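Geometric and topological summary
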Amino acid sequence: MMNRDSQREFQVLGKPTPKKDAPQKAAGRAEFADDISMPGMLHGKLLRSPHPHARIVAIDASLALALPGVRAVITGRDFPGVRYGNLPQTRDYLPLAIDTVRYIGEEVAAVAAVDEDTAEEALDLIRVEYEVLPAVFDPEEAMKQGAPQLHGQSPGNVSAHTESHFGDVEAAFAQADYVREDVFETQPVKQGMLEPHACVGLWDGFGKATLWSCKMSPYAVWRQLAMGLDIKPGDIRVVQTYVGGGFSGGKQEAMPMDFCALMLSKKTGRPVKLVHTMEEVLIIGHMRHPMKIWLRTGTTKDGRILAQHVKLLANGGAYSSIGGFSIFLAGAMINLPYRVPNMKFEADRVYTNNGFCGALRGHTVVQMCFARDSQLEKIAEDLAIDPLEIRRRNAIQDGDVTANGFRINTFAFDECITRVAEMSGWYNKKGKLPKYRGIGFGCGAHLSGARLMGHSASTAEMRMLEDGTVHLTTGSTDVGQGVETVMSMIAAEVLGVTVDDVHYLKVDSAATPLDPGTFGSRVTLFTGNAVKQAAEDICRQLAEVAGERMGVDPRDLMFFRHEIINRKDEKQRCSLKEIVRWGMFQQGRIFSGRGSYGYSEEKIDFRTGHGNLSPAYNPTACAVEVEVDPETGRVTVVGLWGADDSGTPLNPLAVKGQVIGAAVMSIGHALYENLIRVDGKVMNPSLRDYKMPQATDLPKLADFKHSNVITWEPEGPFGAKEAGQGAGTGVIAALANAVYDATGVRLTSLPMTPEHILFGMKRLQAQNRGQ
Amino acid sequence: MNDLIPVSLRVNGVRYDIAIRPWRTLLEVLRETLGMTGTKRSCGEGQCGTCTVLIDGKAVNSCLYLAVEAQGKEISTIEGPPEGDPALEQIQRSFVAKGAVQCGFCTPGMVVATRSLLSEIAEPSEDEIREALVGHLCRCTGYVQIVEAIQDAASQLAHKGGD
Ligand code: FES
Ligand code: FES
């Protein structure tokens, strides 16, 4: 075992490395799902419910079927009627609705035709008779007695409930010098990936069904398809295409379109392609949970947190998705990045007749951080403590064990705060900026993959080719974050080859090893460890052959720049390729490595919430400077400085892209993104009206800086932790705090639109005049 | 089908004689009729820029442009001309090197838009670059590395410009 410092002298890792697949993508040669075309391929379209809640009385497809060019029409009755879903307790999805629709946009039928126009036309010819049912859109209404019930098995429309209690909050509140309560509200936000969901299904006449699709977690899809189609997983093959942005949501699950592509193919004997329009993407479920967060905090007079009590109500929409875990995670993450010795959490996720909610970059951590860091700023103000100081006083440190049992290895939170203070010029700005300019601070944290009840372990396989390059397969997908590159870098580091010598293959359930997939910032740590192990496995095999050939103890051999070298006598060396060929050609060896990482030796108790949810945790801090236009209330973000402890960044170029991407997404979430729904109908299902950040919405490059605080995370492969989600978690509170600093207006609900800010400013002026 | 009309298009310097329905957008014709799938389809309504192509050197959203309108004009796409286009290739290299490509779905549109920007303004300021990117969404990168890539491409091309 090499020591830690020698591991840090990387051959490959730690250097900014362009993404391996970027040349194809930049040349327009990367094949996305919508780019696939097959001989005889048909085009499918989905018919959606116009009602938020209705019983399907009858569906008559005869006119549609009579339209020239239409090859098949299917409804929910064409499927076996088996519900599928993410968590075993909450399987409530059907491929197509059978007798009830629960939100506007829910899929009720599908058509396959020779082209998209014909399929579209056929949708208009399908007659669906509905019996409209009373609907409910607000979670508080939905919980009341007498409210319409969405799912028989969930009284009060509670789709998931979770609570946890560590320490003794009542006693702690009684001791506290200072207690305050606030309520925060967040809005529905969409993933906003630019590639609409798309798939091609082919169900051959011999019982084998293949789906090509832009899935982040192909194995989750594979299992769900088997569930909903009620066939053996072995008869299904899921092939991952390039993923044009994921951010969780529909690319994480099997969607109605996926089932329909397969079923329509079964009916027609042809491959069938379905592609969502952007309007469909925005109308269907999959979005961040809108939440109401009641937060009560007690502190000492010097601002040390003694207790936090959180009650959370999440508007879950019509189906469960991953919602049970969403609210669990929100509660667990109260324990980061501050020490909260006593905490109590009670949460309900409630069914309503809206599009359903699930995960999205940062999952529910983002909402919690907005609430907590907004409130912390108020506490600091009330207690006359510097906002950075109050954070330092409560900051979690290396080696802490949190109240709920998170074991913190590395957590350079103090240093993140210090760096941001320096980069932003905090102490020259706070309280010293001109009117309508303000600066705010915000912090957050994330985990490097969660250990779930079901499938948690990652695996990797590697096969040496005779030219000394390797094929590397895992079940984790690149969704743009750079998985193919960083996994190749890890393999190359161990094998002493270059990144280009590693061929990272996309997931194909017929060929790649089983893996939960890409979500929860798990890949670098979980899959990275598996890849490292697989590469070490191959090295062991090669060292055996090389040792024999060189007359050296295999344990003394090291792999460096395409050579295998005797560590004790570096003159003794031979080329990697020579050993590979000797082993393969003369000894008939197959050099093939395997690795896995499960981190499952200890279990989380999902009922009490106690346990070490992730192998590693990373803090983040940021400062945002804004200018508010007093005439319009419009916020301009003039500066953003962030610091993260992502462990040891394995590919700094990709880490930079991840943290900046996450931060900018949070700007959108804070200031304008909002899926507006009236009686369950999405009023802005277009990218014109659902506004996401543009290039002109960011600070100038000189005022948009990010810094990595380098730590060596012992659980991470080569010291690494996650980078893609944490960086967005502190930004929203920082913006709210900056708007407050600029205007005196404290906004507790998102997005912080110009109208809200203007209204707040008017109200303050009126108050001041009144005094 | 009898609603097809003959159309002649020049794409990347190559002439294509095809029969299409008159309401077909240039995006549909490029992707479906000509099989040139480098140009991407996202919003389909002029908001995201993933479908950007050049018509007589000017960047347009091909999802809003009828293919019949493009007759007699020079259409350039991300695939580039068969003989190569050094400026396009430099932009692509800069995007790769600077980390401007993540999922890559916006990238063809961004690259094509950059090709048009740099042919109009050889060394655009940061603000000019950002202005040129309005209407080009990228959900992954947060734009910083895209702006840096465009700056890099501009300076690389300006250096080579003399020869
Ligand atoms: S697809 Fe043309 S602008 Fe979005
Ligand atoms: S790289 Fe994914 S949208 Fe730009």
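Residues numbered from 1 in each chain as written. Chains lettered and ligands numbered in written order. Predicted model: local features only at pLDDT ≥ 70, side-chain atom pairs only at ≥ 80, totals over all residues. Heavy atoms only, no water.

Before going further, it helps to examine the confidence of the model for chain A. Per-residue pLDDT for chain A has a mean of 95; in total, 98% of the residues score no lower than 70. Taken as a whole, residues 1-7 of chain A scores under 50 in pLDDT and shows five contacts with residues more than four places along the chain or in a different chain. (pLDDT = per-residue confidence, 0-100. Contact = heavy atoms within 4.5 Å.)

A separate point is empty space enclosed by the protein. Scanning all chains against the criterion turns up eight cavities of 30 Å³ or more. When its volume is computed, the largest cavity comes out at roughly 160 Å³. Forming the walls of the largest cavity are 18 residues, and the residues nearest its centre are Tyr93, Leu94, Glu107, Pro256 and Phe356 of chain A. Of the residues contributing to the lining of the largest cavity, the split by class is 13 nonpolar, one polar and four charged. Looking at the second largest cavity, its volume works out to about 110 Å³. Along the wall of the second largest cavity there are 16 residues; nearest its centre are Lys19, Leu653 and Ala654 of chain A together with Gly99 and Val101 of chain B. Counting residues per element, the lining of the second largest cavity draws most heavily on helix 18 (residues 652-671) of chain A, which supplies four residues. Classifying every residue of the lining of the second largest cavity gives four nonpolar, eleven polar and one charged. (1 Å grid on protein atoms, 1.4 Å probe; cavity = no way out; pocket = protein on both sides within 12 Å on 5 of 7 lines; lining within 4 Å. Points joined across faces, edges and corners; volume = space filled by probe spheres on them. Nonpolar A, V, L, I, M, F, W, Y, C, P; charged D, E, K, R; others polar. Helix = DSSP H or I, 4+ residues; strand = E, 2+ residues; numbered from the N terminus.)

Moving on to the confidence of the model for chain B. Across chain B, the average pLDDT comes to 96, with 97% of residues at or above 70. Across the predicted assembly, pTM comes out at 0.96 and ipTM at 0.97.

Here the focus is the pattern of salt bridges. Applying the stated rule across the entire model yields 64 salt bridges over all chains. Arg31 of chain B serves as the salt-bridge partner of Asp35 of chain A, at 2.8 Å between the closest nitrogen and oxygen. With one member in each of two chains, Asp35 of chain A in the loop between helix 2 (22-26) and strand 1 (42-48) and Arg31 of chain B in helix 1 (residues 26-33) form a pair that bridges those chains. By the burial criterion, Asp35 of chain A is buried, and Arg31 of chain B matches it. Salt bridges here are not isolated pairs; linked through shared partners, they connect Asp34, Asp35, Lys45, Glu116, Glu120 and Lys273 of chain A together with Arg31, Lys40 and Arg41 of chain B. (Salt bridge = Lys/Arg side-chain N within 4 Å of Asp/Glu carboxyl O. Buried < 20%, exposed > 50% of the residue type's maximum accessible area, 1.4 Å probe, protein only.)

All names here are of chain A. For the pair helix 16 (residues 523-550) and helix 17 (residues 576-587), the least separation of the axes is 10 Å and the interaxial angle reads 90 degrees. The orientation of helix 16 relative to helix 17 falls into the category roughly perpendicular. Judged by residue contacts, Leu542, Val545, Ala546, Glu548 and Arg549 of helix 16 engage Leu576, Glu578, Ile579, Val580, Trp582, Gly583 and Gln587 from helix 17. Residue composition of the contact of helix 16 with helix 17, grouped by class: seven nonpolar, two polar and three charged. (Axes fitted to C-alpha atoms, helices over the stretch in contact; angles between N-to-C directions. Parallel < 35°, antiparallel > 145°, perpendicular 65-115°, else oblique.)

Okay, the nonpolar core next. By size, the foremost hydrophobic cluster in this structure holds 158 residues, and its most contacted members are Leu312, Leu613 and Leu735 of chain A together with Phe95 of chain B. If you tally residues by element for this core, the top one is helix 18 of chain A, at ten residues. Residues contacting Leu312 of chain A, with those up to four places away along its chain left out, are Met291, Lys292, Ile293, Ile327, Ala330, Phe345, Glu346, Ala347, Asp348 and Met368 of chain A. Counting 47 residues, the second largest nonpolar core, distinct from the first, contains Met462, Met464, Val523 and Leu650 of chain A. (Core = buried A, V, L, I, M, F, W, Y, C linked by side-chain atoms within 4.5 Å.)

Further remarks concern the layout of surface pockets. Of the pockets and cavities examined, the second largest pocket occupies roughly 1000 Å³. If you list the elements that add at least two residues to the lining of the second largest pocket, you get strand 1, helix 4 (116-125) and helix 9 (278-283) of chain A together with strand 2 (14-20) and helix 1 of chain B.

For the α-helix, the turn length of 3.6 residues means that residues three or four positions removed from each other point alike. Residues and elements named next belong to chain A. Taking 1.5 Å of rise per residue, 13 residues should cover 18 Å, and helix 19 (residues 731-743) covers 18 Å from first to last C-alpha, within 8% of that figure. Counting buried positions over the 13 residues of helix 19 gives eleven, a clear majority of the element. Of all the residues in helix 19, the buried ones are Val731, Ile732, Ala733, Ala734, Leu735, Ala736, Asn737, Ala738, Val739, Ala742 and Thr743. Directly after helix 19, the chain includes Gly744, whose backbone phi takes a positive value near 80 degrees. (Expected span 1.5 Å × (residues − 1).)

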